[in-house]
Amino acid sequence: MTQNLADTSRPAATPSAETSTESSAANGAAGRGWWRDAVIYQVYPRSFADSNGDGMGDLPGVRSRLPYLRDLGVDAVWLSPFYASPQADAGYDVADYRAVDPMFGTLLDADGLIRDAHELGLRIIVDLVPNHSSDQHEWFQRALREGPGSPLRERYHFRPGKGEDGELPPNDWESIFGGPAWTRTEDPDGTPGDWYLHLFAPEQPDFNWENPAVADEFRSILRFWLDMGVDGFRIDVAHGMVKAPGLPDIGGHDQLKLLGNDVMPFFDQDGVHAIYRAWREILDEYPGQRIGVAEAWTPTVQRTANYVRPDELHQAFNFQYLGTSWDAAELREVIDLSLDSMRPVDAPTTWVLSNHDVTRHATRFANEPGLGTQIRTPGDRELGLRRARAATLLMLALPGSAYVYQGEELGLPDVTDLPDEVRQDPSFFRAEGQDGFRDGCRVPIPWSGTEAPYGFGPTAGGPSWLPQPAEWAELSVEVQTGDPTSTLELYRSALTIRREQADLGAGGSVEWLETGEHLLSFRRGSFVCTVNTGAEPVRIAAPGRILLSSAEAVAVDGETVLPADSTIWWAV
Ligand code: NOJ
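Summary of the structure given here. (Residues numbered from 1 in each chain as written. Predicted model: local features only at pLDDT ≥ 70, side-chain atom pairs only at ≥ 80, totals over all residues. Heavy atoms only, no water.)

### A word on the sheet that holds strand 7 (residues 182–186)
An order of 6-8-7 is seen for the three strands of this open sheet, with the pairing classed as antiparallel. Bordering the open sheet on either side are strand 6 (158–159) and strand 7, each of which pairs with just one other strand. (Pairing = 2+ DSSP bridges. Helix = DSSP H or I, 4+ residues; strand = E, 2+ residues; numbered from the N terminus.)

Laid out in structure tokens, this is it:
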């Protein structure tokens, strides 16, 4: 069901006061769950707003900008991790799951942020990182200190090495960030000891989910944040917690290339689903429709659908869509596939174009297709922005829930020329500069003013943890506000229309309309979306009245010219 401007499905000011009779089962088939059509805005706390001028974004900064998000028209905010962490992987290495890192603020700040968000009608989703902890987590540190035989070692994957002196890793698994997925430890007496598994950086040891203490701990962590009032969790590496018995070899190198296509012994194992069934029971105990969102990379969209079966999580990211080129035929195929795969499990399809791990879509679409999601060249910026605006209108017209990554509403490109010495992405260093360009999409966003950090921090000329390009002065919220041609105003208008149009938002299908090459056109009740992914303008018979257009559309002799790389929304 689509919300309108006077929507009452927004969270109550006090979540605990919400009716507890809305069980998520009741929300399911009837399509009433708020997440079914929610637009969820991803805040990357390091780079959103810095309240104390130390160059690093923080929770008071996010809190102060919540009215901006309410006015933008999103339904919920997903915050990337702000927990106590040595920041070896920008917070995806958690040392204490129940504490806020001092760099981001305090638990009181988190509490205030959640309360303020609810007052404004925004829901809050926090990141949960259950596949691995930080190597500074108390459990891991004690496991190291206590040495072989310590029961705490059972909570991670410690194994003796192969070879005469155990000098070889226990198996051939490679880390997603490059290099072996194992690091050797030193025993308390200083001699070389066992190895431990880390699918990501060595500072991120993988938990052993076969150990009941791990499952108990995470059920308790879920309750901690649910009691704090959060409306849901984005689950990091949701497909990774269970490993194939015996940790078998894969038998080949360059394993990164196999991810997403082949079943790997460390990803998408059937055992993960029992974890989500247990978590769903917890989520359902709480009032107000709390949700779980899977970050699950699987070989097929059908396998992604397993994560959102009625007794598991509520949403899963649609990475197949994110990886699709700006091409009408390819887009139509992935849209159909996505909708078809979610229908049997009655879960909403999600749509996403950018996040903190991939090159921003304004830059992806500025480059040749087929370069993947970590691109180092700026490409044709003007073209990229035109396509990004058109792609956003397409995304927001599709049935289901959509994710917006901070700064895409400003049309920000990736920063492709960051000097090596400022980069912090751990995969950049692990892969010897061959990969790991995620810092380019993590540069602090511009709010106002003519001098860096452009309102990101309180003082002109103050620091920002990654440098912002000078051109970003022209892309700030302040500059774009009130300019009807700006990307920010396009997002604001689109999100307003999405709430007002009864036929937009939730749903499970679109009615495709016949069109020509490079064109897409579909109807949803009294709404039509037409997209031109081609390089030439195309004349079409206007199906109705234009509601919104990503580029200027001109009427000629009763027809409408659909500009190159553009999308038009129509009321019919
Ligand atoms: C996925 C997160 O989005 C990414 O930023 C992180 O590096 C890995 N998971 C490991 O936690």
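### Re the site of the ligand
The environment of the ligand is made up of 14 residues, and the closest members are Asp89, Asp236, His356, Asp357 and Arg438. Measuring from an oxygen atom of the ligand, one finds a side-chain N or O atom of His356 at 2.8 Å. One of the side-chain nitrogen or oxygen atoms of Arg438 is found 3.0 Å away from an oxygen atom of the ligand. Protein chains bury 97% of the 300 Å² of accessible surface belonging to the ligand in isolation. (Near = heavy atom within 4 Å. Polar contact = N/O pair within 3.5 Å; in protein donor to acceptor, adjacent residues only side chain to side chain. Areas by Shrake-Rupley, 256 points an atom, 1.4 Å probe, with all protein chains shown as cover.)

### Brief notes about the sheet that holds strand 19 (residues 554–556)
Read from one edge to the other, the open sheet built from three strands follows the order 17-20-19, with strand pairing classed as antiparallel. In this open sheet, the two strands that pair with only one neighbour each are strand 17 (538–541) and strand 19. With strand direction ignored, the average angle separating the axes of adjacent strands in the sheet is 40°. The pairing of strand 19 with strand 20 (residues 559–562) spans three bridges and is antiparallel. Paired with Ala555 across the bridge in strand 20 is Thr560. (Axes fitted to C-alpha atoms, helices over the stretch in contact; angles between N-to-C directions.)

### Describing the pattern of salt bridges
Following the criterion strictly, the structure yields 31 salt bridges and no others. With a shortest N-O distance of 2.4 Å, Arg303 and Asp268 are connected by a salt bridge. Placement of the pair is Arg303 in helix 8 (residues 301–305) and Asp268 in the loop between strand 9 (232–235) and helix 7 (272–285), with a sequence separation of 35 residues. By relative accessible area, which is 24% here, Arg303 ends up partly exposed. On the accessibility criterion, Asp268 (3% relative accessible area) is buried. The residue Arg386 makes a salt bridge to Asp565 at a minimum N-O spacing of 3.4 Å. In this pair, Arg386 is assigned in helix 12 (residues 381–397) and Asp565 in the loop between strand 20 and strand 21 (566–571), connecting sequence segments 179 residues apart. For Asp565, a relative accessible area of 1% gives the class buried. One connected set of salt bridges, linked through shared partners, spans Asp89, Asp357, Asp425, Arg438 and Arg442. (Salt bridge = Lys/Arg side-chain N within 4 Å of Asp/Glu carboxyl O. Buried < 20%, exposed > 50% of the residue type's maximum accessible area, 1.4 Å probe, protein only.)

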